[in-house]
Amino acid sequence: MALNIVSAIINSLAPSVVDKVAAALGVNSGLARTALSAAVPAVLAIFGSKASTDTGARALFDAVSKTDTGAFGDLAATLSGAKGEKFLQGGLGSLGSLLGDTGLKSLTNAIGRQAGIGSDASSSIVSLAGQLAMGQLAKSAASEGLDAAGLGNMLRGQQNNIKSALPAGLGDMLSASGLVGSNFAEQAGRAATNAVHHTAQVTKKGTNWLTWALPVLLALVALWWFLGNRSATTVTEAVPQAVKEVMVDGVDVGKQLTGTLDGLRTTLGGITDAATAEAALPKLQETVTAFDGISGLAAKLTAEQRSMLAGLVSVALPAIKEVSGKVLAIPGVGSILKTTVDGLVAKIEALAKPA
């Protein structure tokens, strides 16, 4: 099976590594993994854009060639103490040399907004994502004997994987910041739309995702637009202030929830057979961790905020259960995904209950 560079990097992050990162940043493990799952494809997208020119490809290859792949053998140890600080500083240095200070700041801000975390935590996440991406590229270059042009070609061949892994709206932010091409967000949106079309093939008539939300309250209308595959820019403008301010421990819980639900929708939409189910399993497991993090944050909300969050989940829940059932009914898929999907649905049902 051909390498999916995003999956290779994300799957290399053992729970102990994510826990260590989360503890260092003062956030829960689910949020740390969610942020890394956004930062890794973002960094790779930027690297791909950088390598689209001869000069950029040579600069990227030079940076990759200097990467010490031995540091990735035991990431938990590498991220410990002073060694960890040096490792992360090295990541920022490499990214800064490639993107410039302005580009690095734009990337850090984009990941912070996407994940709902502060600037310090976002900087560390971006640094780690940069090191992970550099390490994987260095391994690929060494094993395949790639030069600068070959590295650029490899990244171009990975663009569909990278675009599909980007959370909704992040491509727009990267394009607006000039970190990737102006047509990148459009192409990324097309990749996500194609994944959703797979669900229509699986379910024949399919599930109307617009029924995820009924126009009962303005807050629910916001979720309707979000899960109806609207752009992140439109969603931001449509979400009422009450939803934007579901904050706890400096994290936007409402944004985390809608982003995780949208990611689940896309992941389920790409499952058409046993092979795609196997490929989707790591992403679904990441979603389980993300919902664990959201549940932990939700426990700290006020009763009013918790009720609002429960209302958002309650509207989405019927369609989630319906499409989950149809996906599990595909021959060969149930034996692969049933435990994980059933666990996901149970976690979502728990969030649908007010405190």
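Rules and cut-offs
- Residues numbered from 1 in each chain as written.
- Predicted model: local features only at pLDDT ≥ 70, side-chain atom pairs only at ≥ 80, totals over all residues.
- Heavy atoms only, no water.
- Helix = DSSP H or I, 4+ residues; strand = E, 2+ residues; numbered from the N terminus.
- Buried < 20%, exposed > 50% of the residue type's maximum accessible area, 1.4 Å probe, protein only.
- Axes fitted to C-alpha atoms, helices over the stretch in contact; angles between N-to-C directions.
- Parallel < 35°, antiparallel > 145°, perpendicular 65-115°, else oblique.
- Left-handed = near helix turned anticlockwise from the far one by under 90°.
- Contact = heavy atoms within 4.5 Å.
- Salt bridge = Lys/Arg side-chain N within 4 Å of Asp/Glu carboxyl O.
- Core = buried A, V, L, I, M, F, W, Y, C linked by side-chain atoms within 4.5 Å.
- Nonpolar A, V, L, I, M, F, W, Y, C, P; charged D, E, K, R; others polar.
- Expected span 1.5 Å × (residues − 1).
- Phe/Tyr/Trp six-rings, centres within 6.5 Å; stacked < 30°, edge-to-face > 60°.

A.B. asks: Talk me through the environment of Val-323; I want residue IDs and the actual numbers.
C.D. replies: Secondary-structure assignment places Val-323 in helix H17 (residues 303-328). Relative accessible area serves as the criterion here: at 1%, Val-323 is assigned to the buried category. In this structure, the C-alpha to C-alpha distance between Val-323 and Arg-265, residues 58 residues apart in sequence, is 8.8 Å.

A.B. asks: Could you give me a rundown of the packing of helix H3 (residues 29-50) against helix H7 (residues 119-144), with the residues and numbers involved?
C.D. replies: When two helices pack together, their arrangement is given by the angle between their axes and by how far apart the axes lie. The geometry of H3 relative to H7 is characterised by a closest axis approach of 8 Å and an angle of 55° between their N-to-C directions. Considered as vectors, H3 and H7 are oriented oblique to each other. The handedness of the crossing between H3 and H7 comes out as right-handed. Between H3, through Ala-32, Ala-35, Leu-36, Ala-39, Val-40, Val-43, Leu-44 and Phe-47, and H7, the contact on the second element is made entirely by Ile-125, Val-126, Leu-128, Ala-129, Gly-130, Ala-133, Met-134 and Leu-137.

A.B. asks: Just give me the short version of the pattern of salt bridges, but keep the residues and values in it.
C.D. replies: Under the defined criterion, the tally for this structure stands at six salt bridges. Across the pair Glu-286 and Lys-283 runs a salt bridge whose closest N-O atoms are separated by 3.8 Å. With Glu-286 and Lys-283 both in helix H16 (residues 274-298) and three residues apart, the pair spans about one turn of that helix. Overall, Lys-283 belongs to the partly exposed group, its relative accessible area being 32%. Asp-292 is paired through a salt bridge with Lys-347; the nearest N and O atoms lie 2.7 Å apart. One end of the pair, Asp-292, is in helix H16; the other, Lys-347, is in helix H18 (residues 334-351), and 55 residues separate them in sequence. A relative accessible area of 40% means that Asp-292 is categorised as partly exposed.

A.B. asks: Please set out the environment of Leu-317 residue by residue, giving values where relevant.
C.D. replies: Mapping Leu-317 onto the fold places it in helix H17. Apart from residues no more than four positions distant in its own chain, Leu-317 is found in contact with Ile-348, Glu-349 and Ala-352.

A.B. asks: Describe the nonpolar core, and please don't skip the residues or the numbers.
C.D. replies: In this structure, Phe-47 and Leu-107 are the most contacted members of the largest nonpolar core, which totals 102 residues. The leading source of residues in this core is H3, at 13 residues. Not counting residues within four places of it along the chain, the set of residues in contact with Phe-47 comprises Leu-60, Leu-95, Leu-98, Ala-133, Met-134, Leu-137 and Leu-155.

A.B. asks: Describe the packing of H16 against H18, and please don't skip the residues or the numbers.
C.D. replies: Relative to each other, H16 and H18 sit at 25°, their axes nearing to 9 Å. Compared by their axis directions, H16 and H18 come out roughly parallel. As H16 packs across H18, the resulting crossing turns out to be left-handed. Here the residues of the contact of H16 with H18 sort into 14 nonpolar, four polar and three charged.

A.B. asks: Please provide a residue-by-residue account of H7, values included.
C.D. replies: In this model, H7 (26 residues) spans 37 Å end to end at C-alpha, consistent with the 38 Å of a helix rising 1.5 Å per residue. Following H7 by one or two positions, Gly-145 has its phi on the positive side, about 60°.

A.B. asks: Which residues make up the side chain of Thr-78, and what values go with them?
C.D. replies: Within the secondary structure, Thr-78 sits in helix H5 (residues 75-78). Beyond its immediate chain neighbours, meaning those up to four positions away, Thr-78 contacts Ala-71, Lys-83, Gly-84 and Phe-87.

A.B. asks: Residue-level account of the packing of aromatic side chains, with values.
C.D. replies: In total, this model carries one aromatic pair according to the counting rule given. Measuring from centroid to centroid gives 5.7 Å for Phe-72 and Phe-87, while their planes differ by 75°, and the two rings are edge-to-face. Highlighted residues: Phe-72 in the loop between helix H4 (54-65) and H5 and Phe-87 in helix H6 (residues 81-115), separated in sequence by 15 residues. Each of the two residues, Phe-72 as well as Phe-87, counts as buried.

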